[in-house]
Each structure stands twice: as structure tokens, then as C-alpha cells.
Amino acid sequence: MKKLLKRSVTVAGATALLLTGIGAPALAAPPAGVNQTVASEATAPATVKNDALTQFENNLKKAAQAGDSTAKESLTAFGKMTQAQKDQLGSIMVDEGVVAAAQRAGSGVTMSETKDCQQPMAAARSATYNVTSRCDKEFKFAGISVTKVRLTGTYVTGQGKVLRTTGVAPTVLHNYEPGSSIAFSNNSHWVSGGKGYFRTNVAVTRSLFGWNHSTRSANLQLVTNGPGVVSCSWI
């Protein structure tokens with residue numbers, strides 16, 4: 001899996017930029033790194049991992065009680081996890097976090113993608129009409145959906161190409177990971193070569209019981225043509 005996020009780490013008073021994302025795109029420079037202090041997972045007490053798992057389960061229960069069907073499914077999957085799987089998930093939450101762990105081979109965290117396009121049923125390729133395209137990125141561990149974000153782009157198309165873009169909207173569909181928050185910035189959209197481009201910067205900030213403080217970020221970009229989604233990728 002291509003690495004998604006980049007980070008800057010404050011070490012002994014100096015700031016070292018660790019590039020953990022793929023190369024910067026030709027269309028724009030990558031966002032500036034954000035200073036962070038990261039505690040070593042190896043020094044985290046076992047109680048911190050246990051507290052993280054307890055809080056995670058409570059987050060699932062709370063969301064499930066509010067009618068979140070994904071949380072209900074994830075709560076069932078959590079109850080079926082082995083102790084070894086729970087220990088592994090606890091370590092991930094205390095260390096790099098679920099989203100960042102998806103970059104690491106063997107972490108057990110997977111990232112899946114769902115693309116969708118909505119347009120008028122009777123729209124012909126020669127007609128001019130409005131289209132809404134979106135892309136979801138979902139992060140799972142042992143069948144549990146931990147985090148899911150969506151990027152939506154709206155545009156006007158005609159004759160099989162994008163004539164103009166009209167909006168971009170990033171959304172957190174759910175994020176049950178304790179101590180983790182997701183924010184979006186630098187939203188933009190434009191037309192180039194008959195395609196629509198929609199971009200946002202996704203920043204994941206973590207502070208788990210005052211133990212691990214970090215901010216990692218990457219750009220998520222959706223590209224569409226007239227008929228629908230061409231690609232959705234981290235850049």
C-alpha cells in the first residue's frame with residue numbers, strides 16, 4: 001500500500017520533517033508539516049492500552065445506541081476478537097494510530113475504497129447536467145470499521161467532459177478511535193483537460209489520555225470525467 005501521510009516530529013528541540021506520503025503532485029506543493037511530539041509505544045504502560053480498548057468499545061456502544069448501524073456491526077466484531085487481536089489493536093492505538101498503521105505491512109489494518117456517482121437517469125452524453133461524485137476511504141481492523149471519510153465533488157458535465165466544478169465537501173462518516181480527531185482544510189476544485197479535480201487536506205490529530213500527541217496529514221484528491229469517477233487517491 002502506498003504511504004498516505006506525512007508528519008513532522010519535534011526531537012530534542014529541532015523539527016525533523018518525516019515524509020511518509022508519496023511524492024508531491026505536479027499540480028500543487030504538499031501542505032506544510034505540523035510539529036508534533038510522539039511518545040514511544042514501547043514505554044506506554046499496559047494500562048494505557050487497556051484504557052484505549054475500553055474507550056474504543058464505549059465509543060462503539062454509544063454510537064450503536066444512537067442508531068449507527070456500522071457501530072453495531074463493529075461492536076459485534078469487537079466481541080469476537082481474540083485477546084491477541086485486542087492487544088494488537090491496543091498497541092496500534094497507543095502507537096501510530098489506525099489510519100497511519102494502514103501504511104505498515106502486517107499491521108492488520110486495511111483501507112478500502114468505495115466510489116459512487118449520481119446523475120439524472122435520463123441524461124444523455126450530449127446534454128448538460130449536474131453530477132455528484134464521491135469517494136469513501138474506510139479503515140478496518142479484524143472486520144471492525146474504525147474510521148471512514150468521504151470526499152464529494154459536484155460539477156456540471158456535457159458531451160462526456162466536465163464543463164465546470166461547483167463544489168467540494170469532505171466529511172467524517174465515523175471515527176470511533178479514542179483520542180483521535182479528523183479535520184479538513186484547503187478545500188479546492190477546478191477543471192483541467194475536461195476533468196474535474198476536487199481536493200482536501202486531511203489531518204489526523206491524536207492525543208490519547210495525554211500520552212501520544214501527533215498530527216499527520218495528506219491530501220485526498222478525487223478526479224472525475226463526464227460519466228463519473230476516474231480516481232480517488234492520496235497525493
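Structure report, in brief. All values reported here derive from a predicted model rather than from experimental measurement.

Points about the overall build of the protein chain
In step 1: Tallying secondary structure elements over the protein chain gives four helices and ten strands in all.
In step 2: For the protein chain, the residues scored as buried account for 43% of the 235 residues in total.
In step 3: If you take every contact in the protein chain between residues at least 6 apart in sequence, the share linking residues at least 24 apart comes to 57%.

What to know about the packing of helix H1 (residues 46–65) against helix H2 (residues 69–79)
In step 1: It is the contact of H1 with H2, at a shortest axis distance of 8 Å, that shows an interaxial angle of 140 degrees. Both H1 and H2 take part in a crossing whose hand is left-handed. Residues Leu53, Phe56, Glu57, Leu60, Lys61, Ala63 and Ala64 of H1 lie in contact with H2, whose contacting residues are Ala71, Lys72, Ser74, Leu75 and Phe78.
In step 2: Here the contact of H1 with H2 is built from residues that sort into eight nonpolar, one polar and three charged.

A few points about the nonpolar core
In step 1: Formed by 43 residues in total, the largest nonpolar core has its most connected members in Phe56, Phe78, Leu89, Val98, Val109 and Ile144.
In step 2: Looking at this core element by element, the count peaks at seven residues for H1.
In step 3: Other than its neighbours up to four places away in sequence, Phe56 contacts Phe78, Leu89, Met93, Ile144, Val146, Tyr176, Glu177 and Pro178.

Some details on the state of the cysteines
In step 1: Inspection of the entire model under this criterion finds one disulfide.
In step 2: Between the sulfur atoms of Cys135 and its disulfide mate Cys232 the distance is 2.2 Å. In this structure, the disulfide formed by Cys135 and Cys232 twists by about -95 degrees around the S-S bond and is classed as left-handed. In this pair, Cys135 sits in strand E4 (residues 128–141) while Cys232 sits in strand E10 (residues 229–234), placing the two residues 97 residues apart along the sequence. For the pair Cys135 and Cys232, one class covers both residues: buried.

Notes on the sheet that holds E10
In step 1: Read from one edge to the other, the open sheet built from four strands follows the order E7-E8-E9-E10, with strand pairing classed as antiparallel. On the outer flanks of this sheet lie strand E7 (180–192) and E10, each paired with one strand and no other. Looking at each pair of strands side by side, their axes are set apart by 15 degrees on average, direction ignored.
In step 2: Sheet analysis places strand E8 (residues 195–207) next to strand E9 (residues 213–224), joined by twelve bridges and oriented antiparallel.

Here's the deal with the packing of H1 against helix H3 (residues 83–94)
In step 1: Where H1 meets H3, the axes come as close as 8 Å, and the angle between the chain directions of the two elements is 100 degrees. Relative to H3, the element H1 is oriented roughly perpendicular. Between H1, through Val48, Lys49, Ala52, Leu53 and Phe56, and H3, the contact on the second element is made entirely by Lys86, Leu89, Gly90, Ser91, Met93 and Val94.
In step 2: The class makeup of the residues in the contact of H1 with H3 is seven nonpolar, two polar and two charged.

Notes on the sheet that holds strand E3 (residues 109–118)
In any sheet, the strands associate via hydrogen bonds between backbone groups, in a parallel or an antiparallel arrangement.
In step 1: Here four strands make up an open sheet; going across it, the order is E3-E4-E5-E6 and the pairing antiparallel. Either end of the sheet is taken by a strand with one partner, and the two such strands are E3 and strand E6 (161–175). Strand-to-strand twist in this sheet, taken as the mean axis angle between neighbours without regard to direction, amounts to 15 degrees.
In step 2: As paired elements, E3 and E4 share ten bridges and run antiparallel to each other. Residue Glu113 lies in a different strand from E4, and its bridge partner there is Lys137.
In step 3: Contacting strand E5 (144–158) and E6, H2 crosses the sheet at an angle of about 150 degrees to E5.

About the thresholds
- Residues numbered from 1 in each chain as written.
- Predicted model: local features only at pLDDT ≥ 70, side-chain atom pairs only at ≥ 80, totals over all residues.
- Heavy atoms only, no water.
- Helix = DSSP H or I, 4+ residues; strand = E, 2+ residues; numbered from the N terminus.
- Buried < 20%, exposed > 50% of the residue type's maximum accessible area, 1.4 Å probe, protein only.
- Contact = heavy atoms within 4.5 Å.
- Axes fitted to C-alpha atoms, helices over the stretch in contact; angles between N-to-C directions.
- Left-handed = near helix turned anticlockwise from the far one by under 90°.
- Nonpolar A, V, L, I, M, F, W, Y, C, P; charged D, E, K, R; others polar.
- Core = buried A, V, L, I, M, F, W, Y, C linked by side-chain atoms within 4.5 Å.
- Disulfide = S-S within 2.5 Å.
- Pairing = 2+ DSSP bridges.
- Parallel < 35°, antiparallel > 145°, perpendicular 65-115°, else oblique.

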